[in-house]
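Below are the chains, spelled out letter by letter.
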There are 2 protein chains.
Amino acid sequence: MISLFWLVPLAALTSLLFALIFYLQVKEGEDGNQKMKSIGIDISHGAMSYVKQQYKVVLLVFAFLAGLFAIAGYVYHIQSGWTWIAFLSGGFFSGLCGYLGMKTATMAAPKVTQATRKSLGHGFQIALRGGAVMGLIVTGFALLDISVWFLILNYFIESEPGMKLLIITTTMLTFGMGASTQAIFARLGGGIYTKAADIASDLIGKVEFGFREDDARNPAVIADNVGDNVGDVAGMGADLYESYVGSIIATSALGAAANMMVNGQLQMKYTILPMLIASLGIVASIIGVYIIKVLDGDNMKKLVRTMNNGIVASSIIVVILSFLLTYTLGIANWISLSLCVLVGIAVGIIIGEATNYFTSHANPPVRHIAESAKVSPATVIIAGLSVGMNSTFFSVLAIVGGMGLSYWLASDGQALNIPQGLYGIGIAAVGMLSTLGLTLATDAYGPIADNAGGNAEMSGLDPEVRERTDVLDAVGNTTAAIGKGFAIGSAALTAMALLASYIEELRIALLRGGQTIMNLPGEQFVQTAQASIIEFMKYYNVNIMNINLLIGLFVGSMLVMVFSGLCMKAVGNVAETLAMEIRRQFKNPLVLSGAEKPDSNQCITITTRGAQIAMILPASLGIIAPLAVGLILGVAGIMGLLAGCFSTGLVMAVFMANAGGAWDNAKKYIESQKGGKNSLAHKAAVIGDMVGDPFKDTVGPSINILMKIVAMVSIVTAGLVA
Amino acid sequence: MISLFWLVPLAALTSLLFALIFYLQVKEGEDGNQKMKSIGIDISHGAMSYVKQQYKVVLLVFAFLAGLFAIAGYVYHIQSGWTWIAFLSGGFFSGLCGYLGMKTATMAAPKVTQATRKSLGHGFQIALRGGAVMGLIVTGFALLDISVWFLILNYFIESEPGMKLLIITTTMLTFGMGASTQAIFARLGGGIYTKAADIASDLIGKVEFGFREDDARNPAVIADNVGDNVGDVAGMGADLYESYVGSIIATSALGAAANMMVNGQLQMKYTILPMLIASLGIVASIIGVYIIKVLDGDNMKKLVRTMNNGIVASSIIVVILSFLLTYTLGIANWISLSLCVLVGIAVGIIIGEATNYFTSHANPPVRHIAESAKVSPATVIIAGLSVGMNSTFFSVLAIVGGMGLSYWLASDGQALNIPQGLYGIGIAAVGMLSTLGLTLATDAYGPIADNAGGNAEMSGLDPEVRERTDVLDAVGNTTAAIGKGFAIGSAALTAMALLASYIEELRIALLRGGQTIMNLPGEQFVQTAQASIIEFMKYYNVNIMNINLLIGLFVGSMLVMVFSGLCMKAVGNVAETLAMEIRRQFKNPLVLSGAEKPDSNQCITITTRGAQIAMILPASLGIIAPLAVGLILGVAGIMGLLAGCFSTGLVMAVFMANAGGAWDNAKKYIESQKGGKNSLAHKAAVIGDMVGDPFKDTVGPSINILMKIVAMVSIVTAGLVA
């Protein structure tokens, strides 16, 4: 083992340590008055009861799948015997992060409200620290899990030199599947919950009865606030945990594969490089959190600038440290690989800026939607859809540009140097995600600020406090654009790395199968296994005129569409049921006047149950489709499926996220105009916003995970298909 | 030349002859009173002024492109010298069909109104005959163009045996590009025109002022009726002309390529088989028109049944004749190929049925949307989007099932028998489109019936007449579902055939380039050119891990999205401008009360100009993208582009067409309920319908053409890229 490796567990523990420090800092904050506390507790209870229900369902799924893997491993020997444990551990840590992050967020929100009573800066500081707990828990546990597994497998697995690291890393990919499985349920369940509650409470409370946002008389308001936590904190956390883990392990596997023929130490260096870059990112993230300092008199503009400065600073730190690290490692192409890190970070920022262009009300697209609102809700919808669709242009160009550039850098400009080139793409993905600790902090900050505002409203504090929390919320919205850019960009690049890892997994599967079930001489399979990726393509006849590949391609695109359709339907259905319940409660005049407390629990129960039931079908699709296609159409079919799912998935994810964001801000833009809130244009814009809710917070982000879980399942079941 | 070939020009002339007969029959019909005639003339003038403007723009584009091809052919020798003439002829005939079809349709509409005053059956008969003129003109000119070119090139081109037919057919593909170029402008321009007029006139006339549909006081009503003709007649005609031509020539090219090594006569048989099947289809279509007989007392249910019977009967006739034909030709695999024809027709019908399921108000999806309308316009939009997305499931499965089955049949179950298998897919596409004469007749029937209703309303006839024309219109809506199924299914299968033809074009380009510009010995290139498709894939390193292919893939998907976004935006913008104009005119109380005739011409001018300007960017994208990708990323990039564009294009086309249809029918379903027309649910459903307008009649159908024009441009510029 190279001594530098120990940086990885060290960074992981540092990450967890600072998470603890920030947690304690947040906890020290003042609680506020009794009402504020009790609202906080209600929301916390709602969130926990949701998580309990969610984890029950997920536990069943995990038990079933882990059982299958164990059988495949021990009885049929088409899986590594480690698979089922790795799978469980990936899911466990992802779930743990979600739980702890949400616990922190719900605890922080009332304290942020209280701090905001003093000043904007105080509130900001606590909210950001609360978000940073989530960010550093995710990076900490992820790297801890990775490094411990790497050590265990390195100790236990024995194989020829060159093959050993490949076997270790591909085995570790199965724990990526654990993270993916947990993530898809968390994103879907949380996404359906939060948007159904949001839409229903707006629909009845705001549109039908003209209440303000977060009015305490609205029985769905608690559910709406719970939704922010289960969707935007736990769901987002599980999503990025999975991207983070997936990109690191997949790139490690590519590093091992691309350097099978060189000496063992060099192969090891390439294999652990992704983990080391992630470790540097943790250091940079922690520094970033401390760089973001606010002064008492700071206004919104200043806060946004401070936050962006922090993100940029930590990015620069990672790039500089990457140059130092690769140089120290003594890798020949250290400059190229460090530039790949830079490319990855740049792509994330460019996508963020593009997202910002299409979704901020300072720019023509959102203004155009706001103009359309003067005509009719129909033109608002048409305008928003077109903005979302057109916005794919820059994001996709940024991603393919980044892909092409990092490939070119890492392959020394030789198109046929496929393994090295793909490794470069993987490094770019890892680079982009390296500062996750900080970007996730700024993301998780959003729902905390949002909840703080809800708390201020419900506990009837000074309107001034609400105004301040609104500023905090608005700051969150602008940084959320960058967060989304990172989520989408990293999903696409990680998907590429996973596509390449699939081939590596096949090698191993062939190797294993050749020796045990396929009754072919082991040597022949070792030979095949050591062949290049191109040879593999020929071996499996994976070319674009292969009918199975073409069929897989169409099925992959269709999978994205049907998945999106099911999610949309789920949100719509649950929202409608919940809306009926709110209407029913409002028939009681005592509830309507505020004299009687509304039955929030009933709303929470309806939403939780609805979300849990609705998430099962789309999530299962993501797991079953690759298995079915693999069994019917073989390796070529899987490659087609992945190609179709990735390409359609990427554009749909960008389209839906940006359309949703644009509608949201068009509505806010109209509100900010004089008399805007009561105009017909506002009514039209509210409809756009409600359609946009599931676009941007349920379907769009869930597609990111769909892309990766399809790849993960393909990888893990490669043995079966081969 | 094989004597059976002469069937093709014979069938073409027969088709044109019957088109003339039906035209004269329609013309003989009574004209109705002065008002009816004058409305008919207004609409006809509006349509012609649109077409004139449209053809001016298109002429410029054609002149430019034909000039480029001529230079590429005569100066640089990277194109056949025939290309530019073939290109022009394809565009010319497509444009001619659109012109004649629209002339007939606008002439027929007032006669249908008049006939309907007598009885439903009379009106139906004339409307269907009017549609049949369009159907038979398209099939007639298309086959005439194909057969004449085939004879000319067969006479002039000299080459080694085996190569000659391949050179002929790939040269003919360039006239497919002429048809595609004309089609994309016709579909886009017509689609934007018709839906902008529709939305604006509904928005102001129906929603804001509470007028009935087609109220003569509404200044946009004439433009709306013109739109039916330029969009649904001329646009649809150009679309299907292009599919028809494209599928026949591409399949011929595949037939020539797949049988290069066999004796010349057999190769000729496979090459002309697609043309012969199309000829049989013409016979079957004419018989079908005569089978559809109505009696005086027929009600709507009976009319639908009669129309469906006609379609099914002509399909059966084609299949039977195909068996006879292939047997007579003495082709060894005559049974398999005839079964491919059957598969193609079956896929078309299955997609039609699936479309019907998701868009007819007799079924749960539309009922669900109607239920959502009780809650809010937002839930209507969400529900409709989810129905559209979910509907891709069956359509895509039907298409990939058909692809797989026809491939399997034609390749004798051998996956590696790629050229034969793809030829089978082509034959399925040709089979599906063979009865185009009839399916297009039932399609073009729709706008004629729609216009007849408008005429009845505007000329203030008995409400009973309007009720009858409404029944005619409703019949058109149910058969339109099947028509859309054929359009989408054939686009997907034709796209596959074009993908394969691309490889063939590359061979020829290499051959030509090897002798003239690439300075490589000709013999080496002949060798390369004669290699199998798999060899080609290896030669160009077209595998799915090729970075250029991956980049092309993402760009292809993005192209579909941006194209859709631009179309949506165009419809929204033109509709908004037009809506402002209508509002302006309604400020005049004399117009509002009906005392003064509104200024229809102003509305027509605004819509025409708006549509013409807006169509240029998206149409150009379809032409420029493949050229740019080809030049930057080479052959692998193009293959990726096509894969991404086809897979995302197919699912987006199905999604948008079906979501639009479902919203439309949900609105109609609510209207049919008691008190439905004045309910809040109806208002919400109208918004869904307006969003659905560009979905189903502008963007969805245009994507079909985008898929093919991207392939066509790739094929025609293959020489440049190679």
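Bear in mind the structure is a predicted one, so any value in this text is a computation, not a measurement.

Participant: So what exactly am I meant to see when it comes to the overall build of chain A here?
Facilitator: A tally of regular secondary structure across chain A gives 21 helices and zero strands. For 722 residues, the compact-globule estimate of 2.2 N^0.38 gives 27 Å, and chain A sits close to it at 25 Å. Overall size of chain A, expressed as C-alpha extent along the three principal axes, is 80 × 50 × 45 Å. Going through the 722 residues of chain A one by one, you find that 69% of them count as buried. By sequence separation, contacts in chain A at least 24 residues apart represent 84% of the contacts at least 6 residues apart. About 22100 Å² of surface is accessible on chain A, with carbon and sulfur atoms providing 63% of the total. Mean positive and mean negative side-chain charge positions of chain A (42 and 44 charges, respectively) differ by 3 Å.

Participant: Could you clarify how one ought to interpret the interface of chain A and chain B in this entry?
Facilitator: Where interface size is given, it is often the accessible area lost as the parts come together that is meant. Each partner contributes residues to the interface: chain A has 77 residues there, and chain B has 77 residues. Around 6700 Å² of area is buried between chain A and chain B when both sides are counted, 84% of it from carbon and sulfur atoms. Across the chain A-chain B interface, the total number found is zero salt bridges. Between chain A and chain B we count seven residue pairs in polar contact (both at pLDDT 80 or more) in total. Per-element tally for the side of chain A that touches chain B: the top contributor is helix α17 (residues 547–586) of chain A, with 21 residues. When the residues that make up the side of chain A that touches chain B are grouped by side-chain class, the tally is 55 nonpolar, 17 polar and five charged.

Participant: Before we go on, may I ask you to explain the environment of B:S600 in this structure?
Facilitator: Residue and element names in this part refer to chain B. With respect to the element layout, S600 can be found in helix α19 (residues 600–672). The spacing of S600 and T139 is 461 residues in sequence and 35 Å in space, taken between C-alpha atoms. Sequence-distant contacts of S600, defined by excluding residues within four places in its chain, comprise P219 and I222.

Participant: Quick question: what am I supposed to make of the relation of the copies chain A and chain B here?
Facilitator: Relating one copy of the chain to the other takes a rotation about an axis and a shift parallel to that axis. Under the fitted operation, chain A is carried onto chain B by 0.0 Å of movement along the axis and a turn of 180 degrees, and the coordinates agree to an RMSD of 0.1 Å. Accordingly, the operation relating the two chain copies is best matched by a two-fold axis. Looking at the interface residues of chain A, 100% of them are also at the interface in chain B, so both copies use one shared face.

Participant: Which parts of the structure should I look at to understand the packing of helix α7 (residues 264–291) of chain A against helix α8 (residues 300–329) of chain A?
Facilitator: The axes of two packed helices give the description: the angle between them and the distance between them. All names here are of chain A. Relative orientation of the contacting elements α7 and α8 amounts to 145 degrees, with a least axis distance of 8 Å. In this structure, α7 crosses over α8, and the sense of that crossing is right-handed. In this structure, α7 uses K269, L273, L276, I277, L280, G281, A284, S285, I287, G288 and I291 to contact α8, whose residues at the interface are G310, A313, S314, I317, V318, L321, S322, L325, T326 and L329. In terms of residue class, the contact of α7 with α8 is built from 13 nonpolar, seven polar and one charged.

Participant: Got a minute to help me understand helix α3 (residues 83–118) of chain A in this structure?
Facilitator: Since there are 3.6 residues in each turn of an α-helix, residues three or four apart along the chain are aligned in direction. Residue and element names in this part refer to chain A. Taking 1.5 Å per residue, 36 residues should reach 52 Å; α3 reaches 52 Å between its end C-alpha atoms and fits that length. At A109, α3 is bent by approximately 30 degrees, the largest bend along its length, and proline P110 sits one to four residues beyond. Most of α3 is tucked away: 26 of the 36 residues are buried.

Participant: How do you make sense of the side chain of A:S714 when you look at a structure like this?
Facilitator: All names here are of chain A. Checked against the element boundaries, S714 lands in helix α20 (residues 680–716). For S714, the side chain forms a polar contact with the main-chain oxygen of V710, separated by 2.7 Å. The residues contacting S714, other than those within four sequence positions of it, are Y502, P626, I638 and L642.

Participant: I'm lost on empty space enclosed by the protein in this one. Help?
Facilitator: Residue and element names in this part refer to chain A. Counted by the stated rule, this structure contains 18 cavities of 30 Å³ or more. The computed volume of the largest cavity comes to approximately 70 Å³. Per element, the largest residue contribution to the lining of the largest cavity is four residues, and it comes from helix α2 (residues 34–74). When the residues that make up the lining of the largest cavity are grouped by side-chain class, the tally is seven nonpolar, three polar and no charged.

Participant: Help me understand the pattern of salt bridges in this model?
Facilitator: One side chain can pair with another of opposite charge once the charged atoms of both are near each other. Residues and elements named next belong to chain A. Following the criterion strictly, the structure yields 48 salt bridges over all chains and no others. Here R466 and D214 are joined by a salt bridge, their closest N and O atoms 3.1 Å apart. Taken together, the positions of R466 in helix α14 (residues 463–516) and D214 in the loop between α5 (163–208) and α6 (221–258) put the pair 252 residues apart, joining distant regions of the chain. Between K696 and D697 there is a salt bridge, and its shortest N-O distance comes to 3.3 Å. Looking at D697, the relative accessible area reads 12%, which means it is buried.

Participant: Which parts of the structure should I look at to understand the layout of surface pockets?
Facilitator: If a probe the size of a water molecule is rolled over the atoms, the empty space left behind becomes visible. Counted as a void, the second largest pocket has a volume near 650 Å³. Lining the second largest pocket are 28 residues, and of these A:M558, A:V562, A:L621, B:F393 and B:L397 lie nearest its centre. Within the residue set of the lining of the second largest pocket, elements represented by two or more residues are α17 and α19 (600–672) of chain A together with α9 (334–359), α10 (364–372) and α11 (377–410) of chain B. In the lining of the second largest pocket, the residues fall into 24 nonpolar, three polar and one charged.

Participant: What exactly am I supposed to notice about a nonpolar patch on the surface here?
Facilitator: On the surface, A:I71, A:Y74, A:V75, A:Y76 and A:I85 cluster together into a nonpolar patch covering about 510 Å² of accessible area. Overall, the relative accessible area of 54% leaves A:V75 in the exposed class.

Participant: Teacher, can you tell me more about helix α6 (residues 221–258) of chain B here?
Facilitator: With 38 residues, α6(B) should cover 56 Å at 1.5 Å per step; its first-to-last C-alpha distance of 53 Å lies within 8% of that length. Of all 38 residues making up α6(B), 37 are buried, and the element is well covered by its neighbours.

Participant: Quick question: what am I supposed to make of the packing of aromatic side chains here?
Facilitator: Given two aromatic rings, their pairing is described by the distance between the two centres and the angle made by the two planes. Residue and element names in this part refer to chain A. Evaluated as defined, the whole model comprises 50 aromatic pairs over all chains. Ring geometry for Y270 against Y423: centres 5.7 Å apart, planes inclined by 80 degrees, an arrangement best described as edge-to-face. Placement of the pair is Y270 in helix α7 and Y423 in helix α12 (residues 418–434), with a sequence separation of 153 residues. Judged by relative accessible area, Y270 falls into the buried class, the value being 8%. Residue classification places Y423 among the buried residues on the basis of a relative accessible area of 3%.

Participant: Would you mind going over the confidence of the model for chain A with me for this structure?
Facilitator: The predicted structure's coordinates, where accompanied by low pLDDT, should not be read in detail. Residue and element names in this part refer to chain A. Mean pLDDT over chain A stands at 88; residues scoring 70 or higher make up 94%. When the elements of chain A are averaged for pLDDT, helix α15 (residues 522–530) gives the smallest value, 47, and helix α1 (residues 7–28) the largest, 96. Every residue in residues 515–523 is under pLDDT 50, and counting partners more than four places away or in other chains gives 12 contacts. In this model residues 525–530 is a low-confidence stretch, pLDDT under 50, and it forms 19 contacts with partners more than four residues away in sequence or in other chains. The ipTM assigned to the predicted complex is 0.93, against a pTM of 0.93.

Participant: Where do I start with the environment of B:V262 in this structure?
Facilitator: Relative to the helices and strands, B:V262 resides in the loop between α6 and α7 (264–291). Between the C-alpha atoms of B:V262 and B:S490, which are 228 residues apart in sequence, the distance is 29 Å.

Participant: Where do I start with the UniProt feature "site: Determinant of potassium dependence" (unreviewed entry) in chain A in this structure?
Facilitator: All names here are of chain A. Those residues carrying the UniProt feature "site: Determinant of potassium dependence" (unreviewed entry) are A480 in this numbering. Along the chain, the position of A480 falls in helix α14. The class of A480 is partly exposed, set by a relative accessible area of 22%.

Participant: Looking at this structure, I do not really get the environment of A:T328. What am I missing?
Facilitator: Residue and element names in this part refer to chain A. Relative to the assigned elements, T328 resides in helix α8. For T328, a relative accessible area of 56% corresponds to the exposed category. Spatially, the C-alpha atom of T328 lies 47 Å from that of T469, the residues being 141 residues apart in sequence. Among the polar contacts listed, one links the side chain of T328 to the backbone oxygen of L324, at a separation of 2.5 Å.

Calculation notes
Residues numbered from 1 in each chain as written. Chains lettered and ligands numbered in written order. Predicted model: local features only at pLDDT ≥ 70, side-chain atom pairs only at ≥ 80, totals over all residues. Heavy atoms only, no water. Helix = DSSP H or I, 4+ residues; strand = E, 2+ residues; numbered from the N terminus. Rg over C-alpha atoms; globule rule 2.2 N^0.38 Å. Buried < 20%, exposed > 50% of the residue type's maximum accessible area, 1.4 Å probe, protein only. Contact = heavy atoms within 4.5 Å. Areas by Shrake-Rupley, 256 points an atom, 1.4 Å probe, with all protein chains shown as cover. Lys, Arg positive; Asp, Glu negative; His and termini not counted. Charge placed at Lys NZ, Arg CZ, Asp CG, Glu CD. Buried area = accessible area lost by both parts, 1.4 Å probe. Salt bridge = Lys/Arg side-chain N within 4 Å of Asp/Glu carboxyl O. Polar contact = N/O pair within 3.5 Å; in protein donor to acceptor, adjacent residues only side chain to side chain. Nonpolar A, V, L, I, M, F, W, Y, C, P; charged D, E, K, R; others polar. Least-squares fit on C-alpha atoms with pLDDT ≥ 70 in both. Axes fitted to C-alpha atoms, helices over the stretch in contact; angles between N-to-C directions. Left-handed = near helix turned anticlockwise from the far one by under 90°. Expected span 1.5 Å × (residues − 1). Bend = angle between axes of the 7 residues up to and from the residue. 1 Å grid on protein atoms, 1.4 Å probe; cavity = no way out; pocket = protein on both sides within 12 Å on 5 of 7 lines; lining within 4 Å. Points joined across faces, edges and corners; volume = space filled by probe spheres on them. Patch = residues over 30% accessible without salt bridge, like charges linked within 9 Å, V, L, I, M, F, W, Y side chains within 5 Å. Phe/Tyr/Trp six-rings, centres within 6.5 Å; stacked < 30°, edge-to-face > 60°. pLDDT = per-residue confidence, 0-100. UniProt positions renumbered as here; feature names shortened; annotations may be inferred.

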